[in-house]
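Chains, contacts and geometry: an overview
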Amino acid sequence: MDIRRRIISSLPVLLLLVLMGCKASPADAILDDRITILDKSPQLGNQMANSVFEDLQKYYLEPLSDRYKFENPRMKVYYEKEKDGLVKVDVRIMADISWRRDGEDSPFIQGMRELQEELRHWHEHPDDAEYAEQVIDGWLLELNAPLDKEPDEPDYGTVVELVFKPGEEEYTINGFYTHTVFYSVDEFESITETIPLEQYSREILTEDVEQEKLEGRQRVWEALYMRYTYGDLYKDSIYGDLYND
């Protein structure tokens, strides 16, 4: 699955904000009116809440704004708990989300189109380009479909966890990401790791155009391989269920 879809399928993404030794903000700090504190934490003052809200918009929403349209961003602070000697506060960053661009304009589809054009000039299998069109149509159905929304929360949302460590005055922000390690066809596990939020934003969220194009080309090659391997048994699986059969 391409990077763009991984991002979609992984929503909401779990991020970890590690705030080390944070102190309460000045009592007279004005809380951004887009922030709702449902359970007040004595360690999370208004000034710090405002700062966290700004960071999440900058490093999470903005890198995705070329693909998605985010409106009405807001943040909720849920509850505080203690674990392993640390104070943790759950926070949710939310926004109304819709597609900003058509799937046809994505680098992923552009890569497919480039390979399709090359296939038109191949004489060994003259219908490969037509078959590639079917593959592309299947992906466009998926990429242009309405975005899935959580049943209990009508808007896009990302859960974050603030972790306070007494004695320090600075905080760092780490992003969770999950990847699957395959040991065999039937044996695998999902591993969750953390990286700094700025790195997460740069490496996971920011679109790599050339990599997206390459992945689009690979999907067409995979579909062609499956076609010549399984013939008509595979042709009906290219529409949205590309890898189910």
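Basis of the calculations
- Per chain, residue numbering runs from 1 following the sequence as it is written.
- Two thresholds apply to this predicted model, a pLDDT of at least 70 for residue-level local features and 80 or more for giving and counting side-chain atom pairs, whereas whole-chain, interface and lining totals are computed over all residues.
- Calculated side-chain values reflect all of the structure's heavy atoms, with hydrogen atoms and water omitted.
- Each reported salt bridge corresponds to a side-chain nitrogen of Lys or Arg within 4 Å of a carboxyl oxygen of Asp or Glu.
- Summary of the burial criterion: residues with accessible area below 20% of their type's maximum are buried, those above 50% are exposed, and those between are partly exposed, where the area comes from a 1.4 Å probe applied to protein chains only.
- Stacked, tilted and edge-to-face are the three classes applied to pairs of Phe, Tyr and Trp rings, where Trp contributes its six-membered ring and a pair requires centres within 6.5 Å; stacked means planes under 30 degrees apart, edge-to-face means over 60, and tilted covers the rest.
- Labels follow the DSSP assignment, with helices taken as runs of H or I lasting at least four residues and strands as runs of E lasting at least two, numbered in each case from the N terminus.
- Should any heavy atoms of two residues lie within 4.5 Å, those residues are counted as being in contact.
- Pairs of N or O atoms within 3.5 Å make up the polar contacts considered here, provided that, within protein, one atom can donate a hydrogen while the other can accept it, and that residues adjacent in sequence are counted only when both atoms are side-chain atoms.
- Axes here refer to lines fitted to C-alpha atoms; in helices the fit is confined to the stretch in contact. Angles between the N-to-C directions go from 0 to 180 degrees.
- In what follows, roughly perpendicular refers to angles from 65 to 115 degrees, roughly parallel to angles under 35, roughly antiparallel to angles over 145, and oblique to any angle outside these ranges.
- Lys, Arg, Asp and Glu make up the charged group, whereas Ala, Val, Leu, Ile, Met, Phe, Trp, Tyr, Cys and Pro make up the nonpolar group; the residues left over, Gly among them, are polar.
- Here, the arc refers to the directions that run from the helix axis to the C-beta atoms.
- For every residue, the predictor assigns a confidence score, pLDDT, that lies between 0 and 100.
- Each crossing is labelled by how the near helix is turned from the far one, with a counterclockwise turn of less than a right angle marking it left-handed and a clockwise turn marking it right-handed.

According to the stated counting rule, one finds 13 salt bridges in the structure shown. Across the pair Glu 117 and Arg 120 runs a salt bridge, and its minimum N-O distance is 3.2 Å. Taking relative accessible area as the criterion, Arg 120 reaches 46% and is therefore assigned partly exposed.

Quick look at the packing of aromatic side chains now. Per the counting criterion, the structure on display carries four aromatic pairs. Between Phe 108 and Trp 139, the ring centres sit 5.1 Å apart and the planes meet at 75°, which makes this aromatic pair edge-to-face. Pair noted here: Phe 108 is in helix H3 (residues 107–119) and Trp 139 is in helix H4 (residues 128–143), with a separation of 31 residues, a long-range link. On the accessibility criterion, Phe 108 (0% relative accessible area) is buried. The class of Trp 139 is buried, set by a relative accessible area of 4%. The rings of Tyr 68, Phe 70 and Trp 99 are connected pair by pair, giving a single aromatic cluster.

In this section: the environment of Asn 50. Summarising the element assignment, Asn 50 is placed in helix H2 (residues 46–61). Taking the relative accessible area as the measure of exposure, Asn 50 reaches 14% and is therefore buried. Excluding its chain neighbours within four sequence positions, the residues that come into contact with Asn 50 are Ile 30, Leu 31, Asp 32 and Ile 35. Separated by 2.9 Å, the side chain of Asn 50 and the backbone nitrogen of Asp 32 make a polar contact.

Direction vectors running N to C along H3 and H4 enclose 170°, while the axes themselves pass 9 Å from each other. By the angle between their axes, H3 is roughly antiparallel relative to H4. Facing H3, whose interface residues are Phe 108, Ile 109, Met 112, Arg 113, Gln 116 and Leu 119, H4 presents Asp 128, Ala 129, Ala 132, Glu 133, Val 135, Ile 136, Trp 139, Leu 140 and Leu 143. Taken together, the residues of the contact of H3 with H4 break down into eleven nonpolar, one polar and three charged.

Attention now moves to helix H5 (residues 197–205). Those residues of H5 that sit buried are Leu 197, Tyr 200, Ser 201 and Leu 205. On an axial view of H5, the arc spanned by its buried residues comes to 100°, and they lie on one face.

This paragraph deals with the confidence of the model for the chain. When the pLDDT values of the chain are averaged, the result is 76; 70% of them are 70 or greater. The lowest-confidence element of the chain is helix H1 (residues 3–9), averaging 44 in pLDDT; the highest-confidence one is H3, averaging 94. Within the model, the stretch residues 1–14 combines pLDDT values under 50 with 45 contacts to residues more than four positions away or in other chains. Across residues 233–245, confidence stays below pLDDT 50; counting only partners more than four residues off in sequence or on other chains, it has 23 contacts.

Attention now moves to the packing of H4 against helix H6 (residues 209–230). Between two packed helices, both the angle of their axes relative to each other and the distance between the axes serve to describe the pair. Contact geometry for H4 and H6: axes closest at 10 Å, N-to-C directions at 120°. Here H4 lies oblique to H6, going by the angle between them. Both H4 and H6 take part in a crossing whose hand is right-handed. Here Asp 128, Tyr 131, Ala 132, Val 135 and Trp 139 of H4 come into contact with H6, specifically with Arg 219, Val 220, Ala 223, Leu 224, Arg 227 and Tyr 228. A breakdown of the residues in the contact of H4 with H6 according to their chemical character gives eight nonpolar, no polar and three charged.

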